[in-house]
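Close look at the chain arrangement
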Amino acid sequence: MKIIRTQTPLRLGLAGGGTDINLYCDKYTGYVLNATISLYIHCTLIEREDGKIIFDSPDTNSYSEYKSKEFLENDGKLDIFKSIYNRIVKDFVKKPLSFSLHTYSDVPSGSGLGGSSTLVVGVIKAFAEWLNLPLGEYEIAKLAYEIEREDLGIVGGAQDQYAATFGGFNFMEFYDNKRVIVNPLRIKNWIASELEVRTVLYFTNITREAKDIEEHKKGKLGDEKSLEAMHAIKQDAIKMKEALFKADFDTLAQILGKSWQSKKVISEIVSNDELDRIYNIAVENGAYSGKTSGAGAGGFMFFLVDPIKKYKLIKALSKEQGYVQDFSFTKEGTKSWKI
């Protein structure tokens, strides 16, 4: 009996988020800067010999059991697992498989750290390890994108799939016809450590469906002001990359704050009264700037602060309904191993 495990990192969207949606990047090209962090989606795949397929997601209280066959119909229960399985069978093995798949996340669903895409990458990686599939980093990320955005029709971009697969700090370029170039950034260790010590990651305790926000943003891209804001967000990714290489943290903080304002221009549902209140509390307690990670409207926010004032900021945020989350930046993308 083979047992496969995978560990796949979540990511912080630093700049350029939204420009990776095909409605924008197919026409204008998108740029995104992101970094993976030490929060993960965990997956265990166990080979079975009883002709069953079991999907188990205890953190979302979801469990499904099926007879092994070549195609599993979506029925609203763990459809994301079924869609991955269907593509693995159709594209590679051409026969039914029998296994149990168990997953959980270090953070709640709808947290803005790219969880659903990271899950897809982690599960594909498990199948690739089990079945010795010839899938490199680009192939895994592209397949994950196709399953989520095309097979399941979930609206969103492509940065999460590539971040989870490659890991580390990356500057990504998104072109038409699903063409993506991932540029791994050789950020000096001390610069990454300094950014880490200047960052406070805060879970707002407001979860949301990213697809609903992305749908709303998509509808706004015909609007001139929203399009200008999107262009500005793309430029912010370039400027933030330069500031990061130079260890210019003041400029980095300014860009982060500017990017958050542009994000709110694109869609008014990106923020709300509670998020604005938390942002103001953070600024009053030493934060230079901040923004939500991911689509917005809830999930995780992160703030840049002088390390000397970091404890004060953590103490203030800890009085609110959410919680401060410890993390570190990581260099590795999804990884797998056999037991």
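Here goes a summary of the coordinates provided.

Cut-off values and rules
- Residues numbered from 1 in each chain as written.
- Predicted model: local features only at pLDDT ≥ 70, side-chain atom pairs only at ≥ 80, totals over all residues.
- Heavy atoms only, no water.
- Helix = DSSP H or I, 4+ residues; strand = E, 2+ residues; numbered from the N terminus.
- Axes fitted to C-alpha atoms, helices over the stretch in contact; angles between N-to-C directions.
- Parallel < 35°, antiparallel > 145°, perpendicular 65-115°, else oblique.
- Left-handed = near helix turned anticlockwise from the far one by under 90°.
- Contact = heavy atoms within 4.5 Å.
- Nonpolar A, V, L, I, M, F, W, Y, C, P; charged D, E, K, R; others polar.
- Buried < 20%, exposed > 50% of the residue type's maximum accessible area, 1.4 Å probe, protein only.
- Pairing = 2+ DSSP bridges.
- Expected span 1.5 Å × (residues − 1).
- 1 Å grid on protein atoms, 1.4 Å probe; cavity = no way out; pocket = protein on both sides within 12 Å on 5 of 7 lines; lining within 4 Å.
- Points joined across faces, edges and corners; volume = space filled by probe spheres on them.
- Phe/Tyr/Trp six-rings, centres within 6.5 Å; stacked < 30°, edge-to-face > 60°.
- Polar contact = N/O pair within 3.5 Å; in protein donor to acceptor, adjacent residues only side chain to side chain.
- Salt bridge = Lys/Arg side-chain N within 4 Å of Asp/Glu carboxyl O.

Quick look at unusual backbone geometry
For Asn61, which is not glycine, the phi dihedral falls at a positive 55°. Topologically, Asn61 is positioned in the loop between strand 3 (52-57) and strand 4 (62-67).

A look at the packing of helix 3 (residues 115-131) against helix 4 (residues 137-151)
Following both chains from N to C, one finds helix 3 and helix 4 inclined at 125°, their axes separated by 9 Å at the closest point. Comparing the axis directions of helix 3 and helix 4 gives the class oblique. Where helix 3 crosses over helix 4, the handedness of that crossing is right-handed. Contact with helix 3, carried on its side by Ser116, Ser117, Val120, Val121, Ile124 and Lys125, involves Ile140, Leu143, Ala144, Ile147, Glu148 and Arg149 of helix 4 and no other residues of that element. Partitioning the contact of helix 3 with helix 4 into residue classes produces seven nonpolar, two polar and three charged.

Describing the pairing of strand 3
When you tally the buried positions in strand 3, you get five out of six residues, the bulk of the element. Where strand 3 lies against strand 4, six bridges are found, and the strand directions are antiparallel. The residue bridging Lys52 from the neighbouring strand is Lys67, located in strand 4. The turn joining strand 3 and strand 4, which pair antiparallel and follow one another in sequence, is formed by four residues; a positive phi near 55° is taken by Asn61. Judged from the four bridges that link them, strand 3 and strand 5 (residues 99-105) form a sheet pairing that is parallel. Bridge assignment links Ile53 to a residue of strand 5, and that residue is Phe99.

Quick word on the environment of Gly110
Relative to the helices and strands, Gly110 resides in the loop between strand 5 and helix 3. As a C-alpha pair, Gly110 and Phe300 span 190 residues in sequence and 9.1 Å in three-dimensional space.

Overview of helix 9 (residues 249-266)
Under the 1.5 Å per step criterion, the end-to-end length of helix 9 is 26 Å for 18 residues, consistent within 8% with the ideal 26 Å. Of all the positions in helix 9, only Phe249, Leu252, Ala253, Ile255, Leu256, Gly257, Ser259, Trp260, Ser262, Lys263 and Ile266 are classed as buried.

Describing the sheet that holds strand 10 (residues 300-305)
The four strands are arranged 9-10-8-11 in an open sheet whose pairing can be described as antiparallel. Of all the strands in the sheet, the pair left with one neighbour each is strand 9 (287-292) and strand 11 (323-325). When strand polarity is set aside, the average angle formed by the axes of neighbouring strands in this sheet is 30°. Across three bridges, the pairing between strand 8 (residues 199-203) and strand 11 is antiparallel. Across the sheet, Leu201 pairs through a bridge with Gln325, a residue of strand 11. Packing of helix 6 (residues 189-198) onto the sheet brings it into contact with strand 8, strand 9 and strand 10, and relative to strand 8 it is tilted by some 45°.

Digging into the layout of surface pockets
Its volume calculated, the second largest pocket comes out at about 250 Å³. Lining of the second largest pocket is provided by 14 residues; of these, Gly168, Phe169, Leu185, Thr330 and Lys331 occupy positions nearest its centre. Going through the elements one at a time, strand 6 (169-174) and helix 6 are the ones with two or more residues in the lining of the second largest pocket. With four residues, helix 6 is the single largest residue contributor to the lining of the second largest pocket. Class assignment of the residues belonging to the lining of the second largest pocket gives a composition of six nonpolar, six polar and two charged.

As for the packing of aromatic side chains
Enumeration over the complete set of coordinates arrives at 17 aromatic pairs. With 5.9 Å between their ring centres and 55° between their planes, Phe55 and Phe99 make a pair best called tilted. Taken together, the positions of Phe55 in strand 3 and Phe99 in strand 5 put the pair 44 residues apart, joining distant regions of the chain. Overall, the relative accessible area of 0% leaves Phe55 in the buried class. Taking 6.2 Å as the distance between ring centres and 35° as the angle between the ring planes, the aromatic pair formed by Phe127 and Trp130 counts as tilted. Placement of both Phe127 and Trp130 in helix 3 is noted, with a separation of three residues, approximately one turn of the helix.

Some words on the environment of Arg5
Of note, Arg5 is situated in strand 1 (residues 3-15). Spatially, the C-alpha atom of Arg5 lies 7.5 Å from that of His42, the residues being 37 residues apart in sequence. Those residues in contact with Arg5 that lie beyond four places of it in its chain are Cys43, Thr44, Lys335, Ser336, Trp337 and Ile339. Side-chain polar atoms of Arg5 contact the side chain of Thr44, separated by 2.9 Å.

Looking at the pattern of salt bridges
With the rule as written, the count across this model stands at 20 salt bridges. Residue Glu146 pairs with Lys142 through a salt bridge whose shortest N-O separation is 3.0 Å. Placement of the pair is Glu146 and Lys142 together in helix 4, with a separation of four residues, close to one helical turn. Residue classification places Glu146 among the buried positions, given a relative accessible area of 10%. Under the relative-accessibility criterion, Lys142 is labelled partly exposed at 35%.

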